[in-house]
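Close look at the chain arrangement
Letter by letter, the chains look like this.
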Amino acid sequence: MTDLLEQRDAATNPERASEQVAADTFVQAPGDRFRTHQVANQVPPLDGYDPLACDPAVADALSREGAEYALPHIREVAQVVGSAEGREHARLANEHKPQLRTHDRYGNRIDEVEFHASWHWLMDVSVRAGNTASPWAPDAGPGAHVARAASFYLMSQLEQGHCCPITMTYAAVPVLRHDPELAARYEPGLRSRVYHPGLAEPSGKAGLLAGMSMTEKQGGSDVRSGTTVATPSSDGTYTLVGHKWFTSAPMNDIFLTLAQAPGGLTCFLLPRVLPDGTRNPIRLQRLKDKLGNRSNASAEIEYQDAVGWRLGEEGRGVRTIIDMVSVTRLDCVLGSAALMRIALSEAAHHVAHRSAFGARLADQPLMRSVVAELAAETEASTRLALRLAGAFDRASEREAALLRLALPVTKYLVCKRTSAVVAEASECLGGNGYVEESMMPRLYREAPLNSIWEGSGNVNALDSLRAMARSPESVEALLAEVDLAAGESAAFDAGVRALRAELAAPDERRARRLAELAATCLQGSVLIRQAPAEVAEVFLASRFGEDSGWRTAGTHTASDTATAAVLARVTPAV
């Protein structure tokens, strides 16, 4: 196509044709003064790589957690994630932000959001992959949550914004089950693997998506301070009036929300289209202009006598949605681990192909130390996230107790560390990592999101203290998990002793220290038990022992042999 355009230009513009010939001559002639325009020492595109081949922890975790049967499906998802087509759709979905349309051309209120075609492409892939609610199906096999977690983790590496409505749909099902009638009405659509965008009455759609609308401008994470009012109607529904400060994916089909009913704070389900086909008066006031997550629309909304159905008892709203919070926090950990992983892939790929100061970057000792530490932390985060997904599958009392404490502390540390890991990975690319075309700025803008959503750092640290107070068995379950690696490393054992001291005397002022130490010990334990010895060595050297505590990558004292093995393990092959 380019050649044809150039030939047409030459035919109509002889002067331009002569300039083109001259330019071509200068570029091709050896030794002339324009040779500096030749491109050399640049890294080839990562397009077409296999994200599973350079991340063997995923397949290993699937096998350990009883979901090895899902590997063929996970490989299909990985092929999409590593493809040039998928990576371009991710770029375009973020380049073309969603647009709010409050009214049509005639002045009718429509409250719709227009998304770029690439957004719909990404959504279609994730829904068909079963990332929405497939683990909740009656015929879901063993390890279904782990299989779904691995797929979600991969798609999060491709693009994070579209994963928000995917997560909310996944998390809505256990809440819906507080009302069997509502669950029977909506759950089949949520479990569907058909992506059916557009505004329509839910019973007529082949697939449904769910959203959450909890926070208000005066409260934020303090959802109990909400002022939205729900008034009961004679037909069993409620009428809601109020304003919600943050509602992601406002074009989803149904929403779970909190409002003050006569009996106190209560959870409600609101469809965008009512059973009679009329639009529920949920008004989109504006879209948020966010740091990252730009492909996804997040809106301020207003309920103007919107109709809702109660979920659970009046006054028990927080207890009703608690299952949703647990599930969304798991996805926050998975999404953050995924961001670390794609940033690591970009960095490892870059240093494997770029030379500076007379040597390939990947052969230079300090760069090797940096990338190896990023790799060890990333694998620790990935393995721990998939281990917690396995706890959802097993659903035993012990696993439930483990999740009550392990989930908030893991969410605290992994999501908080993501910004630092992505920043270090970007620095491996030098100036190239600071320009939009490298994709690293998009990853960096995305990195803080999961640390803020579903409870910021302080909220999760304090939730861990509450879990300890209300469920002492959660402490026992966490320590039992950590102790599975006891005796393998003196430095790790010393770290566990420090953790026991913190757990024995919880103090709100030290809640962050407790959360960080607990999550780090969980990471160390899972690596010692599951990962190659070299990966564990690099992680333990940077996190435990007398020389630990440094939090810039590359300060560890692991051996050159371990570093080399870790680099070989994580570098993409293109």
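See above for the structure.
**What to know about the pairing of strand S7 (residues 264-271)**
- The element S7 is largely enclosed, with a buried count of eight among its eight residues.
- Hairpin connection of strand S6 (residues 254-261) to S7: two residues between the antiparallel strands.
- When S7 meets strand S9 (residues 298-311), the two strands line up antiparallel, connected through three bridges. Looking at the pairing, Leu269 lines up with Trp309 of S9.

**Focus on helix H8 (residues 163-176)**
- Given a rise of 1.5 Å per residue, 14 residues ought to cover 20 Å, and the 20 Å separating the end C-alpha atoms of H8 matches this to within 8%.
- Within H8, 14 of the 14 residues are buried, which leaves it mostly tucked inside the rest of the structure.

**Looking at helix H11 (residues 365-394)**
- Counted at 1.5 Å a residue, the expected span for H11 with its 30 residues is 44 Å, and the 43 Å between its end C-alpha atoms agrees.
- With 25 of 30 residues buried, H11 lies mostly within the body of the structure.
- Ala395, located one to two residues past H11, shows a positive phi value of around 55°.

**Description of unusual backbone geometry**
- In this structure, Ala395 is a non-glycine residue whose phi angle is positive, near 55°.
- With respect to the helices, strands and loops of the structure, Ala395 is situated in the loop between H11 and helix H12 (397-428).
- Overall, the relative accessible area of 60% leaves Ala395 in the exposed class.

**Let's talk about the nonpolar core**
- Counting residues in hydrophobic clusters, the biggest one holds 171 residues, and the most contacted among them are Leu176, Leu478 and Phe492.
- If you tally residues by element for this core, the top one is helix H10 (residues 317-353), at 16 residues.
- Ignoring sequence-local partners within four residues, the contact set of Phe492 consists of Val482, Ala485, Cys521, Gly524, Ser525, Ile528, Leu540 and Phe544.

Basis of the calculations
- Residues numbered from 1 in each chain as written.
- Predicted model: local features only at pLDDT ≥ 70, side-chain atom pairs only at ≥ 80, totals over all residues.
- Heavy atoms only, no water.
- Buried < 20%, exposed > 50% of the residue type's maximum accessible area, 1.4 Å probe, protein only.
- Helix = DSSP H or I, 4+ residues; strand = E, 2+ residues; numbered from the N terminus.
- Pairing = 2+ DSSP bridges.
- Expected span 1.5 Å × (residues − 1).
- Core = buried A, V, L, I, M, F, W, Y, C linked by side-chain atoms within 4.5 Å.
- Contact = heavy atoms within 4.5 Å.

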